[in-house]
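Here is how the chains run, residue by residue.
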Amino acid sequence: MAEDRLTAEEIVGIFEALAQTTRLEAYRLLLRYLPYGLPAGDIARLLAVPHNTLSTHIAHLERAGLVLGRREGRSVIYAANSGKLGHVLTTMLADLGASLDDLTLSAPAFPQKRPKSASRRARNVLFLCSGNAARSILAEAILNREGGDRFRGFSAGSRPAERPDPIGVELLSSLGYDTRAFRSKSWKEFTRPDAPRMDFVITLCDDICEQPCGPWPRNALLAHWGVADPAIVKGDDAQKRAAFMEAYRRLGARLTAFVNLPFETLDRAALKCRLADIATMEGATELAMTSAA
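Residues numbered from 1 in each chain as written. Predicted model: local features only at pLDDT ≥ 70, side-chain atom pairs only at ≥ 80, totals over all residues. Heavy atoms only, no water.

A. Spatial organisation of the overall build of the protein chain. The helix and strand inventory of the protein chain stands at 10 helices and 7 strands. Burial status across the protein chain gives 47% buried among its 293 residues. Across the protein chain, the fraction of contacts at a sequence separation of at least 24, relative to all contacts at a separation of at least 6, is 71%. (Helix = DSSP H or I, 4+ residues; strand = E, 2+ residues; numbered from the N terminus. Buried < 20%, exposed > 50% of the residue type's maximum accessible area, 1.4 Å probe, protein only. Contact = heavy atoms within 4.5 Å.)

Structure representation (structure tokens):
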């Protein structure tokens, strides 16, 4: 439609706004949270960027019309304006006589409030790595923060280390996570009769896929989200911290996609497909790509 057409200057502004890594990742994160949005503090934490840096990038996205905001008390909730990209494509495809009529690209007028969760119990998710010292600890922390009352995250290992990697713990602490309860533990703790019943068991390192695993409930969904191990990176402290930051961001992208799946409308087969799709997100190991195929 004519009202969807943008000027050349508007299109350039939109592409320019997305032509920077942090802004692109912020927009992708907010797309996963449509139509509810996220407070600025949560965006900064999930992207592991300083608040003042994020504010600059969010302002840039707002000027381009890619992000919308709603004030809620002292916070501003931001949501992606997905329709803006739809208008870009509509404008460009119009030259080819094509359209996007069969796609749903409209965005809400403002970020909506997430409805209260139903009475269903929280879904339990167990993250497994060999040592339960790095990736699985990061994933547990992220899910328990992002999942609210809808998910409960746990982590364990097949050959647990003595303790979580201090660099990962330091990173989580710097981002506002409570790290006091984290410990490295065996997955055998979760096979006991009194252990929480798992709905999902997700492996994060390729090594553990070749090891005997626990007798999980028959209805538990299994997935492999292989991500490179930051704990084995060689180099100085700055390089090691950068590796943990990268793993945190990769896992954050997967888990924000996970918690925003439409669980109520997905049957078991469809849910398995969506878990496999998440496994192949940017940064996946070769085994994760193969397992999801």
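B. Spotlight on helix 3 (residues 40–47). Taken as a whole, helix 3 has its buried residues at Ile 43, Ala 44, Arg 45, Leu 46 and Leu 47. Among the structural elements, helix 2 (21–32), strand 1 (38–39), helix 4 (51–63), strand 3 (75–80), helix 6 (135–146) and helix 8 (237–259) are those in contact with the buried residues of helix 3. Following helix 3 by one or two positions, Ala 48 has its phi on the positive side, about 55°.

C. Local environment of the sheet that holds strand 1. Strand order in this open sheet of 3 strands is 1-3-2, and the pairing throughout is antiparallel. Of all strands in the sheet, those bounded by a partner on one side alone are strand 1 and strand 2 (67–72). Pairing of strand 1 with strand 3 involves 2 bridges; the strand directions are antiparallel. Paired with Pro 39 across the two strands is Ile 77, which belongs to strand 3. Relative to strand 3, helix 2 is tilted by about 90°, and along the sheet it contacts strand 1, strand 2 and strand 3. (Pairing = 2+ DSSP bridges. Axes fitted to C-alpha atoms, helices over the stretch in contact; angles between N-to-C directions.)

D. Structural view of the state of the cysteines. Counted according to the given criterion, the structure contains 0 disulfides. The thiol of Cys 129 is unpaired, and the distance to the nearest cysteine sulfur, on Cys 205, comes to 4.1 Å. (Disulfide = S-S within 2.5 Å.)

E. A look at the sheet that holds strand 5 (residues 151–157). The strand order across the open sheet formed by 4 strands is 5-4-6-7, and the pairing between neighbours is parallel. Each edge of the sheet is formed by a strand with only one pairing partner; in this case those strands are strand 5 and strand 7 (221–224). Strand-to-strand twist in this sheet, taken as the mean axis angle between neighbours without regard to direction, amounts to 20°. Here strand 4 (residues 123–129) runs beside strand 6 (residues 200–203); their pairing, made up of 4 bridges, is parallel. Residue pairing in the sheet places Leu 126 in a bridge with Val 201 of strand 6. Here helix 6 sits on the sheet in contact with strand 4 and strand 5, set at roughly 170° to strand 5. Along the sheet face, helix 9 (residues 268–279) touches strand 6 and strand 7 and points at about 20° away from the line of strand 7.

F. The pairing of strand 4, seen in detail. A large share of strand 4 lies buried, amounting to 7 of its 7 residues. Alternating positions in strand 4 separate into two faces, Arg 123, Val 125, Phe 127 and Cys 129 on one and Asn 124, Leu 126 and Leu 128 on the other, with burial throughout. Relative to strand 5, strand 4 runs parallel, the two being bridged by 7 bridges. Across the sheet, residue Phe 127 finds its bridge partner in strand 5, namely Ser 155. Read from strand 4 through helix 6 to strand 5, the crossover connection turns out right-handed. (Right-handed = clockwise from strand over helix to strand, strands pointing away.)

G. Broad picture of the pattern of salt bridges. A full pass over the atoms with the stated rule returns 11 salt bridges. Note that Arg 28 and Glu 282 form a salt bridge whose closest N and O atoms lie 3.6 Å from each other. Within this pair, whereas Arg 28 is found in helix 2, its partner Glu 282 is found in the loop between helix 9 and helix 10 (286–292), the two being separated by 254 residues in sequence. Exposure remark for Arg 28: the relative accessible area of 32% places this residue in the partly exposed category. Within the structure, one salt-bridge network assembled from shared partners comprises Glu 25, Arg 28, Glu 246, Arg 250 and Glu 282. (Salt bridge = Lys/Arg side-chain N within 4 Å of Asp/Glu carboxyl O.)

H. How the structure looks around the packing of aromatic side chains. For the structure shown, the criterion picks out 8 aromatic pairs. Ring geometry for Phe 154 against Phe 190: centres 5.7 Å apart, planes inclined by 65°, an arrangement best described as edge-to-face. Taken as a pair, Phe 154 in strand 5 and Phe 190 in the loop between helix 7 (166–174) and strand 6 lie far apart in primary sequence, 36 residues in all. Look at Phe 200 and Phe 263: their rings are 6.1 Å apart centre to centre, the planes differ by 70°, and that puts the pair in the edge-to-face class. Taken together, the positions of Phe 200 in strand 6 and Phe 263 in the loop between helix 8 and helix 9 put the pair 63 residues apart, joining distant regions of the chain. (Phe/Tyr/Trp six-rings, centres within 6.5 Å; stacked < 30°, edge-to-face > 60°.)

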